[in-house]
Structures are given as C-alpha cells and as structure tokens.
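Structural characterization, general
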Amino acid sequence: MPDPRTDQTTDLKSLLADPDLFRTRAYVAGEWIDADDGKTFDVVNPARGDVIASVADLTRTEVARAIDAAQQAMQDWAARPAKERAKVMRKWFDLMMENQDDLGIILTAEMGKPLAEAKGEIAYGASFIEWFGEEAKRIYGEIIPGHMADKRLSVIRQPIGVVGSITPWNFPNAMITRKCGPAIAAGCGFVGRPAAETPLSALALAVLAERAGLPKGLFSIVTSSRSSEIGKEFCENPTVRKLTFTGSTEVGRILLRQAADQVLKCSMELGGNAPFIVFDDADLDAAVEGAMASKFRNNGQTCVCANRIYVQSGVYDEFAEKLAEAVKKLNVGDGLKEGVTTGPLINEDAVEKVQEHIKDVLDYGGALITGGNRREGLFFEPTVVTGVTDAMKVANEETFGPLAPLFRFDTEQQAIDAANDTIFGLASYFYARDISRITRVQEALEYGIVGVNTGIISTEVAPFGGVKQSGLGREGSRHGIEDYLEMKYICLSI
Ligand SMILES: NC(=O)C1=CN([C@@H]2O[C@H](COP(=O)(O)OP(=O)(O)OC[C@H]3O[C@@H](n4cnc5c(N)ncnc54)[C@H](OP(=O)(O)O)[C@@H]3O)[C@@H](O)[C@H]2O)C=CC1
Ligand SMILES: O=C(O)[C@H](O)CS(=O)(=O)O
C-alpha cells in the first residue's frame, strides 16, 4: 500500500488500509444509492487540485425518503433501553478510533488540513459519540410534589423527532458527530447533509455506523451540491422536528427564516470574530504559544480562531517580534506530507478573502512583518500585520485564514470595549496573571466561550456555543443533549 506521506498518487482508495471506507454513493435509509437522476458532483483535493471522487448528487426527493426512513427507524430505536443505545454508540466510537488513520487520510485529502490535525479531529469527533452514548443513560425525568391531593405530577423527556443536519467543510467529521451523537443518544432519527466540499468523511462515518449496528434508516448521509434545496427540504418537510446547523451567520439567518414557517426547533453554531487579548502582565511566551494554537489551527479556518489580537502597549513590540518568529517556523504544504503544519485554504474565495484583508490593513497604514504572499495553488504564507485599527475590515469580518492582525491598546477597559464591539460572541481569549484582572475580564467579555491563558478550548465535556449573532444553543457537555429532547408534563388524577 502506498505511503500517503510520500506517494503522489491521487487514487485516495489506494492509500487506505480499509478501502471500503471510501464511498461515493449516498447512504439513505440503510442503502447505498446513486442519485435518482444519476447525477454526481466532484470532490477536489485542495492541496493538489485533482478530483479525488465523484459523489451522488441528491435532490429533495431522495432526502425526503431519508427523512421518512428516519421517522420509521426511530420508533424502535427510541423504545430500546438507553443502555442498549449506549452499547451500539460505544461500538461506533471504537470503530472510529480503530480506523483513525484511514479516516484521517480521507479527511486530509478532501479538506487539506495536515494529517496529524485530521487524526486529531477524528479523535475529537469520536469523543462526541462516546460522551453522548454515556449521556443516553442519564436522560432523567422528574416527580413534582402535587398541587392538589388527588394529583400526581411528573415530567418525562422524549426524543424530539427526526433531525435535519447541515455542516461545514472545515471539520468534516467532528461537526457531524457533535450533532448526531446527542441526537441518536436521545433516540432521534438523523439525516445529515455534509458540505459539498467534504462529503467523504461523512460517508466513511456511515460505513462505521452500519458496522456498529445502527438500525437501517436511523442515520442517513445525503450528499448534494444543491445546499439551499436540501435546506428547504429540512425546513419544509413536516416530519423534520429539529434543524441543527453549523456554518456562517449569513446562512444561519436564511435557515432561521425558512424554519419559522413550521416553528422548527433550531440549533445554530455560527460565525465568530474572536478577540485574543495580551495584557502587560501576561506570560508572553505562553501568550505566543496560545496565539499560534488559536490563530493557525486548521490554517485559521475555524470559527473559534483568534481573529483580532489586542496587545497592551507595554509588551506590544516584544510580543509582535516573538509571534513573527514562531510564525516563520510554520511549514506550508500538502497535508499528507510528513512535517507539514499548514495546509492549503479550501478554495479560491478563501484565498481572496485573506488577500483582501491584508491589502486593506496595508492600504490604511498597517505594516507587514512576516508572510503576506500567495504561493502556488491554494497555499498562502502565514502572515502577521501590525498597526491594525478598528476601522479596518479585519476588525469586523472573519478572515477564516492564516492572518494574525495585531491591535495596540493602553487600558484594560479599552481592550474590553474593543473586544465586545462586534455582532459576534462565540469564543474569546486573554492572557494575564493578576487574579483580580482575570476575574474582571472573564466576566466582562460578551462571549459564549472565554479561554484564560489558553488558546485551545474545544472539548466534548464543555458547552460549546455563542451569544449574540454567533448562534443559538450549546453543543457537547451534559447540556448538549437537551436540544434533542422534548419535555412532557404529566398530570395524573387519582
Ligand atoms: N460556530 C461553529 O461551530 C462554526 C462556524 N463556522 C462558520 O462557517 C463559516 C465557514 O464555513 P462555510 O462552509 O463557508 O459556511 P457556510 O455557511 O457557507 O456553509 C455551511 C454549510 O451550509 C451549507 N449552505 C450554504 N448555503 C445554504 C443554504 N442557503 N441553505 C442550506 N445550506 C446552505 C453549505 O453547503 P455548501 O458548502 O455545499 O454550499 C455548508 O454545508 C464561517 O463563518 C465560520 O465561522 C464554521 C464551522 C464551525
Ligand atoms: O470551527 C469549527 O468548526 C469548530 O467548532 C471548531 S472546534 O470545535 O474544533 O473548536
């Protein structure tokens, strides 16, 4: 079998220990199907520009079949004891970890992130299946002291129903399991539509779901290039009781408008504009390490990446110098190759967004201290710019790429005000050592997530989500299953 780290082959299947994980047909109602009209769409390796697969291009008709099958399958699945559901999910988790290498290769080939990061995402994605398999056994009810002598009151929590899921390309495995984990644990049927750029990781998940013993029809992956059409099916089909979306705020707004007609329950994990604040009393080496992790993970293509880096005047120049030195050590290249730390951007639009933000900073008085150049294809040099002000585009728009813009500030209040001056409220970070300052700042930041002296906050055990226009609801943690349950109050007269 060729070594993906050295072989130039574009034949993805030949790189896998288990080629059966490479699928191009959609997984609908427990069957592997072509689109009814036979149409397909191409999946491209962003590092090499070659087509690695042509995948079934489904329409609403096939998606409606998946929804009906999910409704049927969940009747039996929800009636099973939670312990039985947990056992199947544990098997699914075990299979994901046993196939971590292959799932990582598939993910890197279709999305571009370096293989080590891709394998890390597989473990992160699998952790949601493990976690919610266990949470299935903790869906407790309540007994309430009656308000009248002949009344006995109780509350039970039941699966909300069939779930429609729409996920982005930047975490093609974990964004799906962060949704299907709680949904399936709660007893729901699940129909997932992955981004057209990255359907292969989702299809590989379906192969392992089948092997783990998930009932036919309970879990479907509907691949399609027609994202808005599939979104409308999820919003208009009366059998769907829940829509869960991860992606941009712009698309989140479209879906919320569409979902209103049926008053459809929605979870929204949307855009971010994370501030990363470095105070004078910070451990600067730790702050640089945290900025590198937060800013350049996934080549800056995550919703929780540091998008604005605010540095207090007393340490601004030293921090800028240290950060630039660390950035120069990043190794840009094909994520399947040994030692590469930074892969390509996902597409041409992504490259142009980074270029636009850099140009805007330089046009309005900022300075480039490292990077700034596009390389061949979709590769771009990790970049640091200084002299950035709130009047520049990067202050209000998510770059979603390898650009670290440094803003200078003098007082703590200036940093807090600047950090909060955005419609977004997903993740935020700051580095300081004074405990009074830490307490003041962590409480003042208007975000769903605050990283204090750390640049990495993501874990399945904690509630992930944003405030303001970064979303609705939380994923992961003991809270994450609530969005897939309905509370029923029972008043028994005796
Ligand atoms: N809060 C979070 O956890 C996360 C937020 N994001 C945010 O997502 C953005 C980047 O991801 P990106 O994929 O470009 O985001 P998009 O919002 O463009 O796309 C997200 C998903 O929605 C689909 N989609 C696009 N338009 C519609 C529509 N009208 N109806 C239904 N589905 C639609 C896309 O399909 P297709 O790609 O096939 O067009 C994709 O599967 C950033 O803003 C980032 O912050 C990303 C990841 C995590
Ligand atoms: O940005 C995303 O897609 C993820 O939510 C980021 S994380 O969960 O891996 O931090």
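Residues numbered from 1 in each chain as written. Chains lettered and ligands numbered in written order. Predicted model: local features only at pLDDT ≥ 70, side-chain atom pairs only at ≥ 80, totals over all residues. Heavy atoms only, no water.

**A few points about the packing of helix α4 (residues 115-135) against helix α5 (residues 174-186)**
For any two helices packed against each other, the geometry comes down to the angle between their axes and how far apart the axes lie. The N-to-C vectors of α4 and α5 enclose an angle of 10 degrees; their axes lie 8 Å apart at closest approach. One finds that α4 runs roughly parallel with respect to α5. In contact with E121, Y124, G125, F128, I129 and F132 of α4, α5 contributes A174, T177, R178, C180, G181, P182 and A185. Here the contact of α4 with α5 is composed, by residue class, of 8 nonpolar, 3 polar and 2 charged. (Axes fitted to C-alpha atoms, helices over the stretch in contact; angles between N-to-C directions. Helix = DSSP H or I, 4+ residues; strand = E, 2+ residues; numbered from the N terminus. Parallel < 35°, antiparallel > 145°, perpendicular 65-115°, else oblique. Contact = heavy atoms within 4.5 Å. Nonpolar A, V, L, I, M, F, W, Y, C, P; charged D, E, K, R; others polar.)

**A word on the site of ligand 2**
If you check the shell around ligand 2, you find Y124, N170, F171, M175, R178, R297, T302, C303, V304, S458 and F464 and nothing else. The contact in question runs from an oxygen atom of ligand 2 to an N or O atom on the backbone of C303, over 2.7 Å. S458 is positioned such that a nitrogen or oxygen atom in its side chain is 2.2 Å from an oxygen atom of ligand 2. Across the shell around ligand 2, the residue classes break down as 6 nonpolar, 3 polar and 2 charged. (Near = heavy atom within 4 Å. Polar contact = N/O pair within 3.5 Å; in protein donor to acceptor, adjacent residues only side chain to side chain.)

**Description of the packing of helix α3 (residues 100-111) against helix α6 (residues 200-212)**
Relative orientation of the contacting elements α3 and α6 amounts to 160 degrees, with a least axis distance of 9 Å. As summarised for this structure, α3 and α6 are arranged roughly antiparallel, according to the angle between their axes. Mapping the contact onto sequence places L103, I106, L107 and E110 in α3 and L200, S201, A204 and L208 in α6. Considering only residue class, the contact of α3 with α6 consists of 6 nonpolar, 1 polar and 1 charged.

**So, the UniProt feature "active site" (unreviewed entry) in the chain**
In this structure's numbering, the residues bearing the UniProt feature "active site" (unreviewed entry) are E269. Residue E269 is classed as buried on the basis of its relative accessible area, which comes to 3%. When near neighbours in sequence (up to four residues on either side) are disregarded, E269 contacts R178, F245, T246, G247, L426, F464, G465, G466, S470, G473, R474 and E475. (UniProt positions renumbered as here; feature names shortened; annotations may be inferred. Buried < 20%, exposed > 50% of the residue type's maximum accessible area, 1.4 Å probe, protein only.)

**A closer look at the site of ligand 1**
Surveying the vicinity of ligand 1 reveals 28 residues, the closest of which are T167, R193, S248, L270 and E398. The separation between an oxygen atom of ligand 1 and a polar side-chain atom of R193 is 2.7 Å. Between ligand 1 and A196 there is a distance of 3.1 Å, counted from an oxygen atom to a backbone nitrogen or oxygen. Compared with its free state, where it exposes 890 Å², ligand 1 has 85% of that area covered by protein. Contributions of two or more residues to the shell around ligand 1 are made by α7 (227-236), β10 (240-246) and α8 (249-260). Among the elements that take part in the shell around ligand 1, α7 stands out by supplying 3 residues, more than any other. A breakdown of the residues in the shell around ligand 1 according to their chemical character gives 13 nonpolar, 10 polar and 5 charged. Residue contributions to the shell around ligand 1 reach at least three from each of two domains, namely domain 1 (12-270 + 471-490) and domain 2 (275-452). (Areas by Shrake-Rupley, 256 points an atom, 1.4 Å probe, with all protein chains shown as cover. Domains from an automatic or database assignment.)

**Observations concerning the sheet that holds strand β20 (residues 485-493)**
Ordered by their spatial adjacency, 3 strands build an open sheet running β5-β6-β20, and the pairing between neighbours is antiparallel. Two strands bound the open sheet, and with one partner strand each, they are β5 (142-144) and β20. Sheet twist, expressed as the mean angle between neighbouring strand axes with direction ignored, is 20 degrees. As judged from the 3 bridges shared by β5 and strand β6 (residues 151-159), these two strands associate in the antiparallel manner. In the strand pairing of β6, I144 is matched with L153. (Pairing = 2+ DSSP bridges.)

**Some details on the packing of aromatic side chains**
In this structure the tally under the stated criterion is 10 aromatic pairs. Considering the side-chain rings of Y27 and W32, the 4.7 Å spacing of their centres and the 40 degrees angle between planes classify their relative orientation as tilted. Here Y27 matches W32 in class, with each residue buried. The interplanar angle of 15 degrees and the centroid separation of 5.7 Å between the aromatic rings of F190 and F219 together place this pair among those described as stacked. Here the residue F190 occupies a position in strand β8 (residues 190-193), and F219 occupies one in strand β9 (residues 219-221), the gap between them amounting to 29 residues. (Phe/Tyr/Trp six-rings, centres within 6.5 Å; stacked < 30°, edge-to-face > 60°.)

**Overview of the nonpolar core**
In this structure, W92, I184, F219 and F234 are the most contacted members of the largest nonpolar core, which totals 126 residues. When residues of this core are assigned to domains, at least three fall in each of domain 1 (12-270 + 471-490) and domain 2 (275-452). Ignoring sequence-local partners within four residues, the contact set of I184 consists of W77, R85, M89, W92, F190, L214, L218 and F219. Counting residues in each nonpolar core, the second largest holds 32 residues, with A282, A287, V327 and Y429 among its members. (Core = buried A, V, L, I, M, F, W, Y, C linked by side-chain atoms within 4.5 Å.)

**Section: the UniProt feature "domain: Aldehyde dehydrogenase" (unreviewed entry) in the chain**
UniProt's entry tags residues 32-490 with the feature "domain: Aldehyde dehydrogenase" (unreviewed entry), counted in the numbering of this structure. Here residues 32-490 is 39% helix and 21% strand, with 42 Å between the C-alpha atoms at its ends.

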